[in-house]
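So the chains spell out like this:
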Amino acid sequence: MINTDTEITSITGADDTVAPSTTSVTDTAPSATITFADFGLDPKIQKAVLEQGYTIPTPIQAQSIPHVLAGRDLMGAAQTGTGKTAAFVLPIIQQILRHASNSASPARHPIRALVLTPTRELAVQVAENAASYSKHTDLRAAVVYGGVDMKEQVGILRNGVEILIATPGRLLDHIGSKVANLSQVEILVLDEADRMLDMGFLPDLQRIINLIPAQRQTLLFSATFSPEIKKLAQSYLRTPVTVEVARQNAAADTVKQVVHMVASADKQSAIVRVLEERTRKGLSRQCIIFTNSRLGCARLSRALERDGIKAGAIHGDKSQGERTLTLDAFKSGAIEALVATDVAARGLDIPDMPCVINHELPYNAEDFIHRIGRTGRAGSTGDAIALVDASEKRLLDDIEKLMKRKLDIKPLPEGTPSQGRTPSSSHSSTRSSPSSAPAKMSDPFFYKPYEPSAAPHATEGAKPEEKKVGITPAKPTVGALLGGFKKK
Ligand code: AMP
């Protein structure tokens, strides 16, 4: 569940950097009185929404759904956690419901809506949503992503599916082996488009989009409106409506952020101190600890375990099976510290996460927002603690600039290891010094541009880029998804 009071920061249709002829919709401010019934969704969809327990649409839903229903292209500035999945999935179901058929013939179930996501975790989450919201209809939804054997996915695709959620590389494999055909796609969604670009998906996106009829509706969701995203929007969207909701970092009242200046060598013991302090205060010790590298992530997890903290690592070198097991252990409380790379920064909906610790700051300020967005979700409160050493000053500057606010620098709890500098030596005094901050890097774990596999039906784990993330789904929900997972 989510806080439906998220602020709409702007809604505009006249951003000429996006599309010169976009229509203005400035008079559609969110109304507290809007309910799901007001959208005129089919009763089968409304029933599913009710069963989810949603009563009031979130701002992104309130603002987007009417436009999607009206057939408009849409550019949404929203990230995971704002309710954006339902903002596009619900109207998509409505739009293609006229095609629903209980015929067993695959020909009656062509792909009508395609959702592309950058990560398999997000793909699975979107697919779970699509399955829930469409469960009272005859529409079929499925997910395909790399790192697992293709056979099962091939069977599902051959049977026919109207709503397909996919990561680009695996979709291209299915297209290459003529199992997926996009010629009847009516609606295309690019989810977390900024992330897809960061991860080098553009050539794949281009290939896929070339296979979709030009006469289509396109919805693009992105956390940022960088020049690259605007260019993407310009080339793929026709007179889009733009909807923007407040970033998660704007939810300052639910996420309490603090910076501790800590020398790099002391960060591990600083985490121990932080957790001890939480125990003393009677706060939950459950936390996600973000690191920048797979190696650092694995090392930190082992080191924390040696310090008596129940820790588990989740990063791109772990198989999907391992990642799922670790995540489940974390959700059940068997693990209290989930040490993660940015592989876990997006797309995972972990409810009521009390604390996020940045063991180091990410190279990309946007990622900081995604990381801390793991806490304070759905209206609950959370702590976001950043351990920063002197070499990270420029990264801290970038983050503060992006968030348009200074972060509180506080000393570590008593008895802590040596600090990089005291809070009184405000980081602003050193922030302009030339820093050794690394250049912006994209997530190195996930992806290389698509190359058709020699044997498309072979396990994608055999492909070099997939080896790193080869998966064997272990979690029942994921297994169910792969198994065709319709109607939950
Ligand atoms: P999303 O941004 O799509 O990842 O959604 C974040 C969380 O909000 C998910 O757990 C959804 O189930 C939940 N959610 C979506 N829409 C609503 C709504 N209208 N009311 C309450 N919770 C919602």
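This structure is a prediction, so every number in the text was calculated from the model and none was measured. (Residues numbered from 1 in each chain as written. Predicted model: local features only at pLDDT ≥ 70, side-chain atom pairs only at ≥ 80, totals over all residues. Heavy atoms only, no water.)

Asker: Whenever I open this one, the overall build of the chain confuses me. Can you help?
Answerer: Along the chain, the regular secondary structure elements total 16 helices and 14 strands. Looking at the 488 residues of the chain, the share that counts as buried comes to 58%. Nonlocal contacts in the chain, meaning residues at least 24 apart in sequence, comprise 78% of its contacts between residues at least 6 apart. Total accessible area on the chain stands at roughly 18,900 Å², and carbon and sulfur atoms take up 53% of it. (Helix = DSSP H or I, 4+ residues; strand = E, 2+ residues; numbered from the N terminus. Buried < 20%, exposed > 50% of the residue type's maximum accessible area, 1.4 Å probe, protein only. Contact = heavy atoms within 4.5 Å. Areas by Shrake-Rupley, 256 points an atom, 1.4 Å probe, with all protein chains shown as cover.)

Asker: Honestly, helix α13 (residues 365–372) in this entry has me stumped. Any pointers?
Answerer: Think of an α-helix as turning once every 3.6 residues; residues three or four places apart then point the same way. In terms of burial, α13 is largely enclosed, as eight of its eight residues are buried. Among all positions in α13, only Ala365, Glu366, Asp367, Phe368, Ile369, His370, Arg371 and Ile372 are buried. Residues of α13 that are buried sit in contact with α7 (193–198), β9 (255–261), β10 (287–290), β13 (355–358), β14 (382–388) and α14 (393–403).

Asker: I tried to follow the pattern of salt bridges on my own but got confused; where do I start?
Answerer: Pairing is possible between side chains that carry opposite charge, provided their charged atoms lie close to one another. Throughout the structure, instances matching the rule amount to 13 salt bridges. For Arg112, the salt bridge identified is with Glu186, shortest N-O distance 3.6 Å. One end of the pair, Arg112, is in the loop between α3 (84–96) and β3 (113–116); the other, Glu186, is in the loop between α6 (168–176) and β6 (187–190), and 74 residues separate them in sequence. The salt bridge partner of Asp342 is Arg371, with a shortest N-O separation of 2.9 Å. Highlighted residues: Asp342 in the loop between β12 (337–340) and β13 and Arg371 in helix α13, separated in sequence by 29 residues. Among the ionic contacts, a cluster of salt bridges with common partners joins Arg98, Arg112 and Glu186. (Salt bridge = Lys/Arg side-chain N within 4 Å of Asp/Glu carboxyl O.)

Asker: Is there a simple way to explain the sheet that holds β12 in this structure?
Answerer: Strand pairs in the sheet, formed through backbone hydrogen bonds, run parallel or antiparallel to each other. Strand order in the open sheet formed by six strands is β9-β14-β13-β10-β12-β11, and the pairing between neighbours is parallel. Of all the strands in the sheet, just β9 and β11 (311–314) have a single pairing partner and so form its edges. Direction aside, the axes of adjacent strands within the sheet are offset by 20 degrees on average. Direction of pairing for β9 relative to β14: parallel, over a ladder of seven bridges. Note on β14: the bridge partner recorded for Met261 is Val388. (Pairing = 2+ DSSP bridges. Axes fitted to C-alpha atoms, helices over the stretch in contact; angles between N-to-C directions.)

Asker: Can you walk me through the pairing of strand β2 (residues 74–77) in this structure?
Answerer: Residues in a regular strand point their side chains to alternate faces of the sheet. Residues Leu74 and Gly76 of β2 are buried on one face, and the alternating residues Met75 and Ala77, pointing to the opposite face, are buried as well. With four bridges joining them, β2 and strand β7 (residues 217–222) adopt parallel strand pairing. Residue pairing across strands places Ala77 opposite Ser222, the latter belonging to β7. Where β2 meets strand β8 (residues 241–245), four bridges bridge the pair, whose relative direction is parallel. The partner of Ala77 across the bridge, within β8, is Glu244.

Asker: Hey, could you run me through the nonpolar core in this one?
Answerer: Inside soluble globular proteins, nonpolar side chains tend to come together where they are buried. Judged by nonpolar contacts, the single largest core of 43 residues is most densely connected at Phe88, Leu90, Ile92, Ile165 and Leu219. Here this core takes eight residues from α3, the largest share from any one element. Excluding residues that lie within four positions of it along the chain, Leu90 makes contacts with Phe36, Leu41, Ile45, Val49, Ile65 and Tyr133. Residues Val154, Ala166, Leu190 and Ile229 belong to the second largest nonpolar core, which totals 36 residues. (Core = buried A, V, L, I, M, F, W, Y, C linked by side-chain atoms within 4.5 Å.)

Asker: How should helix α12 (residues 320–332) be read in this particular structure?
Answerer: Here α12 spans 18 Å end to end across 13 residues, near enough to the 18 Å set by a 1.5 Å rise per residue. By the burial criterion, the buried members of α12 are Gln320, Gly321, Arg323, Thr324, Thr326, Leu327, Ala329 and Phe330. Here the buried face of α12 lies against α4 (120–133), β10, β11 and β12. (Expected span 1.5 Å × (residues − 1).)

Asker: Is there a simple way to think about the environment of Arg278 in this case?
Answerer: Note that Arg278 resides in helix α10 (residues 267–280). A residue is classified by how much of its surface remains accessible, and Arg278, at 5% relative accessible area, is buried. With residues near it in sequence (within four places) discarded, Arg278 still touches Leu283, Ser284, Pro354, Cys355 and Asp383. Of the polar contacts made by the side chain of Arg278, one reaches the side chain of Asp383; its length is 2.9 Å. (Polar contact = N/O pair within 3.5 Å; in protein donor to acceptor, adjacent residues only side chain to side chain.)

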